[in-house]
Amino acid sequence: MPEGDVLRRTAARLDAALAGQVLVRSDLRWPTAATTDLTGRTVLGTRPYGKHLLTRLDDGRTLHTHLRMDGTWRVVPTADARAAARHPRVRAVLGTVRWTAVGSLLGMLDVLRTRDEHEVVGHLGPDVLDGDFDDETPGVPWTGAPVLEHPVPGLPEAVRRWAAQGSRPVGELLLDQRVAAGIGTIFMAESLFALRWWPWAPADHVDDPAAVLRTARALMRASVLVGRPDPKVHGRAGRPCVRCGTRLRRDEVGAAPQQRPVFWCPRCQVRGAPTR
Ligand SMILES: [Zn+2]
């Protein structure tokens, strides 16, 4: 499932192809947007927020898309046969004279006024990759205007939201986009392993939530800038822990029907406060 790092890369790819360009083709294969025509509009840019993408147009509208589980946005030359985008999985096509962006298996799609973007992302917590999330570590450079103005910078706001979650298991909390946006199962597992937190530790027992969020941010930031690193625990069930050699496990966090996989080391991540 795409996480915040993938959304940043996707937005950058869309910007490289579409930003500042006039759309000569617009094909939204979505029941509520099928008659919407964006042809003739200039694309201002695509702003990622958590796992959402907001493609802004010069007429005050925004195309909002979400990759959900398997969605992708690919860019191909308009002259290429793939730009025809005939596959039934295609949900959106935005074409300029030179490049065509093809969105497949998108989980959400709607066109709204740019000033109403808060209606689709306003429930989310601060984006962990945003430049203003944390003063101590640089964000991923981003030129787009902010989507949401949080009352305080991102990290303190996310920590405040974390504190309101009580004793919820920390692994489950990290996946909750209303606390902090952008973290998925990979960076949840990798962050907890890095700091040796048991994935089911009650969130209010975690002595330094900011450290956990900063770790997720640092791992995701590195992924955007230099590519996804080899995971230390995610997807490695049954294989030896890189730190202690113990066989890693795959279990689940979250209540039915929202369970999500979590990979962890039963020796490095014991119940109770971590020993470092
Ligand atoms: Zn271990």
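Cut-offs used in this document
- Residues numbered from 1 in each chain as written.
- Predicted model: local features only at pLDDT ≥ 70, side-chain atom pairs only at ≥ 80, totals over all residues.
- Heavy atoms only, no water.
- UniProt positions renumbered as here; feature names shortened; annotations may be inferred.
- Helix = DSSP H or I, 4+ residues; strand = E, 2+ residues; numbered from the N terminus.
- Donors = N, O, S within 2.8 Å, 3.2 Å for Na, K, Ca; no water.
- Tetrahedral: all angles 85-135°; square planar, octahedral: opposite > 155°, others 65-115°.
- Core = buried A, V, L, I, M, F, W, Y, C linked by side-chain atoms within 4.5 Å.
- Buried < 20%, exposed > 50% of the residue type's maximum accessible area, 1.4 Å probe, protein only.
- Contact = heavy atoms within 4.5 Å.
- Pairing = 2+ DSSP bridges.
- Axes fitted to C-alpha atoms, helices over the stretch in contact; angles between N-to-C directions.
- Domains from an automatic or database assignment.
- Buried area = accessible area lost by both parts, 1.4 Å probe.
- Phe/Tyr/Trp six-rings, centres within 6.5 Å; stacked < 30°, edge-to-face > 60°.
- Lys NZ or Arg CZ within 6 Å of the ring centre and 35° of its normal.
- Polar contact = N/O pair within 3.5 Å; in protein donor to acceptor, adjacent residues only side chain to side chain.
- Parallel < 35°, antiparallel > 145°, perpendicular 65-115°, else oblique.
- Left-handed = near helix turned anticlockwise from the far one by under 90°.
- Nonpolar A, V, L, I, M, F, W, Y, C, P; charged D, E, K, R; others polar.

Trainee: I'd like a rundown of the UniProt feature "domain: FPG-type" (unreviewed entry) in the protein, residues and numbers included.
Mentor: Under the local residue numbering, the UniProt record ascribes the feature "domain: FPG-type" (unreviewed entry) to residues 232–270. What you have in residues 232–270 is 0% helix and 26% strand, and the ends, taken at the C-alpha atoms, are 17 Å apart.

Trainee: How would you explain the coordination of the zinc ion if you had to name every residue and give the values?
Mentor: Each protein donor to the zinc ion is listed here as Cys241 (SG), Cys244 (SG), Cys265 (SG) and Cys268 (SG); together their distances run 2.2 to 2.4 Å. Its four donor atoms give the zinc ion angles of 100 to 113 degrees at the centre, a pattern that matches the tetrahedral case. As a motif over one chain, the donors of the zinc ion read C-x2-C-x20-C-x2-C. With Cys241 in the loop between helix H6 (209–226) and strand S9 (249–253) and Cys268 in the segment after strand S10 (260–264), this residue pair connects regions lying 27 residues apart in the sequence.

Trainee: Describe the nonpolar core, listing the residues and the values that go with them.
Mentor: One finds Trp162, Leu174, Ile183, Met188, Val212 and Leu213 to be the most contacted residues of the largest nonpolar core, which totals 40 residues. When contributions to this core are tallied by element, the ones reaching two or more residues are helix H3 (154–163), helix H4 (170–175), helix H5 (185–195), H6 and S10. If you tally residues by element for this core, the top one is H5, at seven residues. For Leu174, the residues in contact, after removing those within four places along its chain, are Trp162, Ile183, Met188, Leu192, Val212 and Leu213. Counting 21 residues, the second largest nonpolar core, distinct from the first, contains Ala17, Leu28, Leu38 and Leu53.

Trainee: With reference to specific residues and values, describe the sheet that holds strand S6 (residues 90–95).
Mentor: Strand order in the open sheet made by the four strands is S1-S6-S7-S5, with antiparallel pairing throughout. Looking along the sheet, the strands with just one partner apiece sit at the ends: strand S1 (25–28) and strand S5 (72–77). Across the sheet, the axes of successive neighbouring strands diverge by a mean angle of 20 degrees, strand direction being ignored. Of the pairings in the sheet, the one linking S5 to strand S7 (residues 99–104) comprises six bridges and is antiparallel in character. Bridge pairing in S7 places Thr72 opposite Ser104. Contacting S5, S6 and S7, helix H1 (residues 4–18) crosses the sheet at an angle of about 30 degrees to S5.

Trainee: So what's going on with the pairing of S10? Which residues, and what values?
Mentor: Regular strands have side chains that alternate between both faces of the sheet. Pairing geometry for S9 and S10, over five bridges, is antiparallel. Following the sheet pairing, Glu252 is matched in S10 by Pro261. Hairpin geometry of S9 and S10 is characterised by an intervening segment of six residues between the two adjacent antiparallel strands and by a positive phi of about 95 degrees at Gly254.

Trainee: How would you sum up the domain arrangement of the protein? Please name residues and give values.
Mentor: Domain annotation for the protein reports domain 1 (4–121) and domain 2 (154–264). In this structure, domain 1 and domain 2 have C-alpha centres spaced 30 Å apart. With eight residues of domain 1 at the contact, the number on the domain 2 side is eleven residues. Of the roughly 670 Å² buried between domain 1 and domain 2 on both sides combined, carbon and sulfur atoms contribute 58%.

Trainee: Account for the packing of aromatic side chains, with residues named and values stated.
Mentor: Any pair of aromatic rings gets described here by the distance separating the centres and the angle formed by the planes. Within this structure, the stated rule accounts for two aromatic pairs. Where Trp200 meets Trp264, the ring centres are 5.1 Å apart and the plane angle is 80 degrees; that geometry is what we call edge-to-face. Here Trp264 lies in strand S10 and Trp200 lies in the loop between H5 and H6, a separation of 64 residues in the sequence. Aromatic rings pair up to connect Trp198, Trp200 and Trp264 into one cluster. One cation-aromatic arrangement involves Arg243 over Phe193; the distance from NZ or CZ to the ring centre is 3.9 Å.

Trainee: I'd like to hear about the environment of Arg113, residue by residue, with values.
Mentor: Mapped onto the fold, Arg113 is located in strand S8 (residues 108–113). Looking at Arg113, the relative accessible area reads 40%, which means it is partly exposed. Residues Arg113 and Thr62, 51 residues apart in the sequence, show an inter-C-alpha distance of 5.8 Å. Dropping the residues within four chain positions of it, Arg113 is found in contact with Gly60 and Arg61.

Trainee: Describe the side chain of Thr62, with residues and values.
Mentor: When you line up the elements, Thr62 lands in strand S4 (residues 61–66). Within the local environment of Thr62, its side chain forms a polar contact with the side chain of Glu117, the two groups lying 2.8 Å apart.

Trainee: With reference to specific residues and values, describe the packing of H3 against H6.
Mentor: For any two helices packed against each other, one specifies the crossing angle of their axes together with the interaxial distance. Taken N-terminus to C-terminus, the directions of H3 and H6 make an angle of 125 degrees; their axes are 10 Å apart at the nearest point. Relative to H6, the element H3 is oriented oblique. Crossing of H3 against H6: the hand is right-handed. Only Pro209, Ala210, Val212, Leu213 and Arg214 of H6 make contact with H3, whose side of the interface consists of Leu155, Ala158, Val159 and Trp162. Of the residues assigned to the contact of H3 with H6, the class counts are eight nonpolar, no polar and one charged.

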